[in-house]
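Coordinate analysis (summary)
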Amino acid sequence: LFLGTSLTLMSNHWLMAWMGLEINTLAIIPMMTYPNNMRNTESAIKYFLMQATASMIIMFAIIYNAWMTNQWTLFQVSNEWATTIMTLALAMKLGLAPFHFWVPEVTQGIPLTSGMILLTWQKIAPTSILYQISPSLNMNLLVLLAVSSALLGGWGGLNQTHLRKILAYSSIAHMGWMTVIVSIDPSLTILNLLIYIAATMAMFLCLNFTSTTKINALSNLWNKSTPMTITMMIILLSLGGLPPLTGFMPKWLILQELIVYNNIATAMLLALSALLNLFFYMRIIYTSTLTMFPSNNTSKFQWFYTSPKSTSLIPSMTIISAMLLP
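The paragraphs below set out a description of the structure included in this document. (Residues numbered from 1 in each chain as written. Predicted model: local features only at pLDDT ≥ 70, side-chain atom pairs only at ≥ 80, totals over all residues. Heavy atoms only, no water.)

1. Section: the overall build of the protein chain
Convention followed: A helix here means a DSSP run of H or I that spans at least four residues, while a strand means a run of E at least two residues long, and both kinds are numbered starting from the N terminus. Computation of the radius of gyration draws on C-alpha atoms, with the globule rule given as 2.2 Å multiplied by the number of residues to the power 0.38. Relative accessible area decides the class of each residue, using a 1.4 Å probe on protein chains only: under 20% of the type maximum gives buried, over 50% gives exposed, and in between gives partly exposed. Only heavy atoms matter for contacts: two residues are in contact if any of them lie within 4.5 Å across the pair.
Counting secondary structure elements, the protein chain contains 15 helices and 0 strands. For 326 residues, the compact-globule estimate of 2.2 N^0.38 gives 20 Å, and the protein chain sits close to it at 20 Å. Seen through its principal axes, the protein chain has C-alpha atoms that stretch 70 × 50 × 30 Å. Scored against the burial criterion, the 326 residues of the protein chain give a buried share of 55%. Put simply, 77% of the contacts in the protein chain that link residues at least 6 apart link residues at least 24 apart.

2. A closer look at the pattern of salt bridges
Under the convention used in this document: The working definition used for a salt bridge is a side-chain nitrogen of Lys or Arg within 4 Å of a carboxyl oxygen of Asp or Glu.
Within the structure shown, the criterion is met by 3 salt bridges. Across the salt bridge formed by Glu42 and Lys46, the nearest N and O atoms sit 3.1 Å from each other. Residue Glu42 and its partner Lys46 are both found in helix H3 (residues 38–69); the two are separated by 4 residues, about one turn of the helix. The class of Glu42 is partly exposed, set by a relative accessible area of 41%. Of the charged contacts, one joins Lys46 and Glu105 as a salt bridge, the two residues approaching to 3.6 Å between their closest N and O atoms. With Lys46 in helix H3 and Glu105 in helix H5 (residues 102–109), the pair connects residues that are 59 residues apart, well separated along the chain. What makes Lys46 partly exposed here is its relative accessible area of 29%.

Shown next as structure tokens:
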């Protein structure tokens, strides 16, 4: 997994970058199917089919570009058709709308740790390719993909009760924010990606520590671990992009850049879509914190045994995902 991403990040030749993406895809599949059951296997097959299709389309774009321009360098994708095909294939790999349907399904069917890797580490390699070919990308196509991802990521999460699906839709929305700015200011895409990875990792580590996968299980979380409840509340607000938390920084800078470049309609749609995300984060927070004692809580109490899991990552990830803005 590490080798695949490193290969894509360091390569200057299209075939090497493509090889890195392939290694990445193949490496995560055993991790997805580790506790071997039907749900995990089904999710792994769905993931593999989508990624393999996207890889083939990328290979087609690479060969077409090489045929038209006579070179294999990563930075020079001067052919318009090759660029468009490449963008759509990378959108499939990243789970941007309208190719987003696999993301919630796959994330829901696999364990929390594999879900965390899928929604964080697996985004690095395709985003790095987008970053490197950003000068030749079609702005209109990027805006269309980004706005539809942000809106669908917000709408899709509204009627979900599974936390993994909610985080998957949140991932789709964040990917939209990253895509919209990639041809204007690519460094902001990297900043957004790093902050998104920190917050999502922190959230998954908290869920893994408390063995929680559904919203209704959160209503007793204060009884299991009160600090964890507060931690999750802060991380969710940061993911939603509320100042003064870290998650506000990339959104603020992206909206500022879009307004500078006169994309006011796009900025407005993105800002409104962020409210949809905040709504379903607030619903999780409501369930986990506002039903604490002495309020009435109709949920059944569950027996809870804390296994001695390592938690050293949780505090550091929480600090990164909440306190970078000041």
